[in-house]
Amino acid sequence: MERYVINGGHRLAGEISIQGAKNAVLPVLAASVISGKISTITNIPNLRDVDMMIKILDSLGAKTHTEGGTVTVDSSTIDKVELPEELVREMRSSIIIMGAMLARFGEVKIAFPGGCEIGLRPIDLHLKGLRQMGAIIYEAHGFLDCKTTGLKGCEIQLDYPSVGATENIMLAAVTAEGTTTIINAAREPELIDLQNYLNNAGAKVIGAGSSCITIEGVKELRRCDHTIIPDRIVAGTYMTAAVLTGGELFLKDIITDHILSIIAKLKEAGAIVYANGNSLKIIGPNRPSAIEMLQTLPYPGFPTDMQAQIMTLLTIGNGTSIINETIFENRFKQAEELLRMGANIKTFGKVAVIKGVKELTGAKVSAKDLRGGASLVLAGLIAKGTTEICNIYHINRGYDNMIEILTNLGADIRLEK
Ligand code: UD1
């Protein structure tokens, strides 16, 4: 089984360029279904989740071509409306293809995605919104069978600013009759990227990035080119690595506005950050300070996707820190692995109390989910001795070229098969 082997104790220093955002690519690829024309999408990271989404498009009959960081999707040839169950089960976020398929074909059949490593992850808000627009959805035998004789724009008040539900409704509304308004919409930057893609293709969407998004339905979309935004979570992960190792990193190709909440917490932990629009320099302290309270929240609050990495930082913080994970109910799985490395963490439901220790020690650990896996890599970078991480396929879902990047920065990390 493939694993990462890390010899800890090396300070990271150097310059890195940040990959395109996984959570922006997936909805944009799903959206490429709507036009029935060619979309050329650049700055695509090389990730397992992206491969899965491309496989799903292929299975529906689209013609896709990947070269370097560019994917071309010709969705004119799509001739199926049923998504293969095994692919949907592999990647939960494939559910965002629902809205796009309903917009294009008025029909889609998809396996119920079910829970995953980080929690139950219901899709009730997706379904409620789509039903309000005129989708008829049967839920039976583990499948969602969706049909419509024509989606109609309406006002949708989301009970919670869900990223996926906002995306699904946005996609369904693009070619619906009339205007759709999403109130209490998710405000994540990836929604702005989706809006930009759609508008490049001729849609009329305004408001993404705010809590009210308005979509005026258009007859059809045209072919378009689009470049994906930088991945704010990958940027945050490498920044945390710099802080943990007392290192110094220069990050290029980022949007600093998207990572303000991460910068704020890393500063609280003692980092020095010099940021301008598209790059930043971060310098780590000798030992990180504890963070009195870190609460994950919908954007622009602190991202749940950075919670595990910050937990690793706090394991060696000077003092006691508290994390309150408010987004997902089962997102502390990395804690038990960090305990094996000498951390002092107690979890109480969605709250974790981390008492900083002087050092972590290398151990054999297992990645349980994507960001939790990344947090173990970070732990390995500072642990005394050797850390072996198995189930690294989780990490490959979200980090392009991690070994090479960390090696170039001075880490001692290798892949063993
Ligand atoms: C997206 C991201 C994921 C990230 C998460 C939070 C993608 C592909 N995935 O996931 O990486 O960790 O945002 O930033 O972009 N909820 C409901 N009902 C619903 C939908 C969601 O109760 O119908 C709840 C969820 O259980 C969770 C919360 O809302 O507690 C947030 O979920 P949501 O924003 O939808 O996250 P995802 O879109 O699944």
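Calculation criteria
Residues numbered from 1 in each chain as written. Predicted model: local features only at pLDDT ≥ 70, side-chain atom pairs only at ≥ 80, totals over all residues. Heavy atoms only, no water. Helix = DSSP H or I, 4+ residues; strand = E, 2+ residues; numbered from the N terminus. Rg over C-alpha atoms; globule rule 2.2 N^0.38 Å. Buried < 20%, exposed > 50% of the residue type's maximum accessible area, 1.4 Å probe, protein only. Contact = heavy atoms within 4.5 Å. Areas by Shrake-Rupley, 256 points an atom, 1.4 Å probe, with all protein chains shown as cover. Polar contact = N/O pair within 3.5 Å; in protein donor to acceptor, adjacent residues only side chain to side chain. Salt bridge = Lys/Arg side-chain N within 4 Å of Asp/Glu carboxyl O. Pairing = 2+ DSSP bridges. Axes fitted to C-alpha atoms, helices over the stretch in contact; angles between N-to-C directions. Near = heavy atom within 4 Å. Nonpolar A, V, L, I, M, F, W, Y, C, P; charged D, E, K, R; others polar. Phe/Tyr/Trp six-rings, centres within 6.5 Å; stacked < 30°, edge-to-face > 60°. Lys NZ or Arg CZ within 6 Å of the ring centre and 35° of its normal. Domains from an automatic or database assignment. Buried area = accessible area lost by both parts, 1.4 Å probe. Core = buried A, V, L, I, M, F, W, Y, C linked by side-chain atoms within 4.5 Å.

## Considering the overall build of the protein chain
Here is step 1: What the protein chain contains, in helices and strands, is 14 helices and 23 strands.
Here is step 2: Computed over the C-alpha atoms, the radius of gyration of the protein chain is 21 Å, within 12% of the 22 Å expected from 2.2 N^0.38 for a compact globule of 417 residues.
Here is step 3: Principal axes of the C-alpha set define a box for the protein chain whose edges measure 65 × 45 × 40 Å.
Here is step 4: Counting every position in the protein chain, which comprises 417 residues, the buried fraction comes to 57%.
Here is step 5: Contacts in the protein chain between residues far apart in sequence, at least 24 positions, make up 73% of those at least 6 positions apart.
Here is step 6: Total accessible area computed for the protein chain in this model is approximately 16,000 Å², and 49% of it derives from carbon and sulfur atoms.

## A closer look at the environment of Ser366
Here is step 1: Counting through the fold element by element, Ser366 comes out in strand 21 (residues 364–366).
Here is step 2: If we skip the residues at most four places from it in the chain, Ser366 touches Glu337, Leu376, Cys390 and Asn391.
Here is step 3: Polar contacts involving the side chain of Ser366 include one to the side chain of Asn391, which spans 3.0 Å.

## Remarks on the pattern of salt bridges
Here is step 1: In total, this model carries 20 salt bridges according to the counting rule given.
Here is step 2: For Arg131, the salt bridge goes to Glu139, with nearest N and O atoms at 3.0 Å.
Here is step 3: Its relative accessible area of 36% is what places Arg131 among the partly exposed residues.
Here is step 4: In this structure, Asp145 and Lys147 form a salt bridge, with 4.0 Å as the shortest nitrogen-oxygen distance.
Here is step 5: Its relative accessible area of 41% is what places Lys147 among the partly exposed residues.

## Description of the sheet that holds strand 15 (residues 272–276)
Here is step 1: Taken in spatial order, the four strands of this open sheet run 2-14-16-15, and their pairing is mixed. In this open sheet, the two edge strands, each paired with only one partner strand, are strand 2 (13–17) and strand 15. Strand-to-strand, the axes of this sheet are offset by a mean angle of 10 degrees, without reference to chain direction.
Here is step 2: Taken together, the five bridges between strand 15 and strand 16 (residues 279–283) define a ladder with antiparallel strand orientation. Bridged to Asn276 within strand 16 is Ser279.

## Concerning the site of the ligand
Here is step 1: The immediate surroundings of the ligand are formed by 17 residues, with Asp124, Ser162, Val163, Asp305 and Ile327 found nearest.
Here is step 2: Between the ligand and Arg121, the relevant distance is 2.9 Å, taken from an oxygen atom to a side-chain nitrogen or oxygen of the residue.
Here is step 3: Note that an oxygen atom of the ligand is positioned 2.4 Å from one of the backbone N or O atoms of Ile327.
Here is step 4: Among the elements that line the shell around the ligand, the one with the most residues is helix 5 (residues 124–132), at three residues.
Here is step 5: Grouping the constituent residues of the shell around the ligand by class yields seven nonpolar, six polar and four charged.

## Section: the packing of aromatic side chains
Here is step 1: A full pass over the atoms with the stated rule returns zero aromatic pairs.
Here is step 2: Lys109 extends its terminal NZ or CZ atom over the ring of Phe143, reaching a point 5.1 Å from the ring centre.

## Brief notes about the domain arrangement of the protein chain
Here is step 1: According to the domain assignment, the protein chain consists of domain 1 (3–19 + 230–416) and domain 2 (22–227).
Here is step 2: Taking both partners together, domain 1 and domain 2 bury about 2,000 Å²; carbon and sulfur atoms supply 50% of that area.
Here is step 3: Taken together, the connections running from domain 1 to domain 2 amount to two salt bridges.
Here is step 4: With a closest N to O distance of 2.9 Å, Glu190 and Arg232 form a salt bridge.
Here is step 5: Elements supplying a minimum of two residues to the side of domain 1 that touches domain 2: helix 12 (370–382) and helix 13 (393–396).

## So, the nonpolar core
Here is step 1: Counting residues in hydrophobic clusters, the biggest one holds 79 residues, and the most contacted among them are Leu29, Ile97, Met98, Met133, Leu144, Met170 and Leu198.
Here is step 2: In terms of residue count, helix 1 (residues 22–35) provides more of this core than any other element does, nine residues in total.
Here is step 3: For Met98, the contacting residues outside a window of four places in its chain are Val108, Ile110, Leu127, Leu130, Ile137, Leu144, Cys146 and Asn168.
Here is step 4: Formed by 68 residues, the second largest nonpolar core is a distinct cluster that contains Met311, Leu338, Leu376 and Ile392.

## Regarding the pairing of strand 13 (residues 224–227)
Here is step 1: Only one face of strand 13 is buried, namely the one carrying Cys224 and His226, since none of Asp225 and Thr227 on the opposite face is buried.
Here is step 2: Two strands pair when backbone bridges link them, and strand 3 (residues 38–42) and strand 13 are joined in this way by four bridges, in the parallel orientation. Pairing of Ser39 across the sheet is with Cys224, part of strand 13.

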